[in-house]
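# Analysis of the macromolecular model
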Amino acid sequence: MKRKLVVLGAQWGDEGKGKIVDLLSESYDMVIRYQGGSNAGHTVIYNGKRVVLHLLPTGILHPHVTGVITQGMVVDLEVLDQELRQLKELGVDCEGRLFISDRAHLVLPYHKILDRLFEKRGGIGTTLRGIGPAYMFKFGRKGIRISDLEDEKRVGELVEENFRFVKDISEKVFGERIEVDVEGTLEKILRIYERYRGMVRDVSKLLLESDRSMIFEGAQGTMLDVDMGTYPFVTSSNSSALGLANGTGLSPKFFSDAYFLGVSKAYTTRVGGGPFPTELEGPEGEKLRELGGEYGSTTGRPRRCGWLDLVVLRHAVRVNQLDGLVITKLDVLDTFEEIKVCVAYDCGGEKIDHFPASLSLLRECRPVYVTMKGWLKPTKGIRDISDLPPRAKEYIGLIEEVTGVPVVMLSTGPRREECLWLREIPGTKVKYF
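Here's a quick rundown of the structure. (Residues numbered from 1 in each chain as written. Predicted model: local features only at pLDDT ≥ 70, side-chain atom pairs only at ≥ 80, totals over all residues. Heavy atoms only, no water.)

Bringing the pairing of strand β5 (residues 66-69) into the picture now. Here β5 shows a buried face lined by T66 and V68 and a second buried face lined by G67 and I69. Taken together, the four bridges between strand β2 (residues 30-33) and β5 define a ladder with parallel strand orientation. Opposite I32, over in β5, you have V68 as the bridge partner. Where β5 meets strand β7 (residues 98-101), three bridges bridge the pair, whose relative direction is parallel. The residue bridging V68 from the neighbouring strand is F99, located in β7. (Buried < 20%, exposed > 50% of the residue type's maximum accessible area, 1.4 Å probe, protein only. Helix = DSSP H or I, 4+ residues; strand = E, 2+ residues; numbered from the N terminus. Pairing = 2+ DSSP bridges.)

For L114, the position within the fold is in helix α3 (residues 109-120). A sequence separation of 15 residues divides L114 from R129, and the C-alpha atoms of the two residues are 9.9 Å apart. Among residues more than four places away in sequence, those in contact with L114 are P133, M136, F137, V166 and I169. (Contact = heavy atoms within 4.5 Å.)

The next point concerns the packing of aromatic side chains. Summed over the entire model, instances satisfying the criterion amount to eleven aromatic pairs. Seen in terms of ring centroids, F118 and F174 are 6.2 Å apart; in terms of plane orientation they differ by 50°. Their pairing is tilted. Taken as a pair, F118 in helix α3 and F174 in the loop between α5 (152-173) and α6 (182-196) lie far apart in primary sequence, 56 residues in all. Seen from their ring centres, F254 and F255 are 5.2 Å apart, and the 80° between their planes marks the pair as edge-to-face. By the burial criterion, F254 is buried, and F255 matches it. One aromatic cluster in this structure is built from Y110, F137, F163 and F165. Here the guanidinium or amino end of R3 rests over the ring plane of Y28, the centre of that ring lying 4.8 Å away. The side chain of K142 reaches across the aromatic face of F165, ending 4.7 Å from its centre. (Phe/Tyr/Trp six-rings, centres within 6.5 Å; stacked < 30°, edge-to-face > 60°. Lys NZ or Arg CZ within 6 Å of the ring centre and 35° of its normal.)

On to unusual backbone geometry. Of note, the bond from Y231 into P232 is cis; its omega dihedral lies within 30 degrees of zero at 5°. Even without a glycine there, the phi angle at D14 is positive, about 65°. Structurally, D14 can be placed in the loop between β1 (4-9) and α1 (17-24). In this structure D14 comes out as partly exposed when scored by relative accessible area, which is 28%. Backbone geometry places L376, a non-glycine residue, at a positive phi of 50°. Mapping L376 onto the fold places it in the loop between β18 (365-373) and α12 (390-403).

With that out of the way, let us pick up the pattern of salt bridges. Side-chain pairs of opposite charge can arise whenever the charged atoms involved come near each other. Within the structure shown, the criterion is met by 27 salt bridges. A salt bridge links E15 to K17, with the shortest nitrogen-to-oxygen separation between them at 2.7 Å. With a relative accessible area of 3%, K17 lands in the buried category. Within the structure, one salt-bridge network assembled from shared partners comprises D14, K265, E294, R303 and K329. (Salt bridge = Lys/Arg side-chain N within 4 Å of Asp/Glu carboxyl O.)

Next comes the structure, spelled out in structure tokens:
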């Protein structure tokens, strides 16, 4: 039977999925990205160097792993080219082990122009990488797919038409004149495509017919899912398990034997606008930000920080039907004398334990906290359960009790080896204890 593992963000992204996928890829043959684009930023430490991957599946850093970019992604060929060149400089050759869907849509310069214009007019804090407009064009049937690049005449007409469309919006709606270089844009994308066209495949067929083990790597997080997140302060794709079938072109039946692993920080962060019930705006929030190094790997922006929200985590468990959890950055809490955990919301005097869809209702909600004593002992880098402070064990126990899902691993630092396994993930070969 095929082994399949799905790794998903259980908060607002930035949970540390990159390290987890990198670590677990040792036990798998293929790693598949199925949604999002270069707005993602998966950070890993490779040979002592910090590597941030925006488009490439994180597992590609293992020489035995085949990486797959599926149709659910929107691909910026310039970013892809930069990442592949960066890896080559690090001694990582992806030749023959990276495949890109011929049905994936392209991110082009006019998408970034629109992104910037939308942000100027009441934006939500996007990465300005053109991801939302690229999906907008896709669903508006104005998108350009990688397969279109085989027909130079047709793609030239499409690029020119779309540039003209965006130019009209910019000048007639926003009153801003823009300069567009249709020929230069076309020449550049065709040149990059020619370099990597040997990687293009019908990856849905490839995955369906493969008997190799697979990790499906989610980007962003469940609370940024366009349907199940804090809409409209969300990304433009299904960043939860809901994106698996449409992102890969595979039936939901394909994933019936998969293990679904959620990744959450030991506290909560988010970037950009939108609701954040447990946000800390005073010294405690600043302390979390500085100790956790909470600055966006894609944008560099400081992240908003707050206490762990188990209402959010329980929502992610339900939406994704998670089998297990990984808790990252536990060590960031080592010096807190008291640690608060949100277990419910008080919404106008009514106590609720689910995450509401209505932003108006959410604005009225106040976190209901359980206060725990901190462990005040270092947990960074520990790998033996006997070294875990008793109060840290209580903290993990509360997470398991409220979510109803076991914590299988604690990440206690950025390096691969800095982790503490509490339970086994079926089918993986990593050393647990």
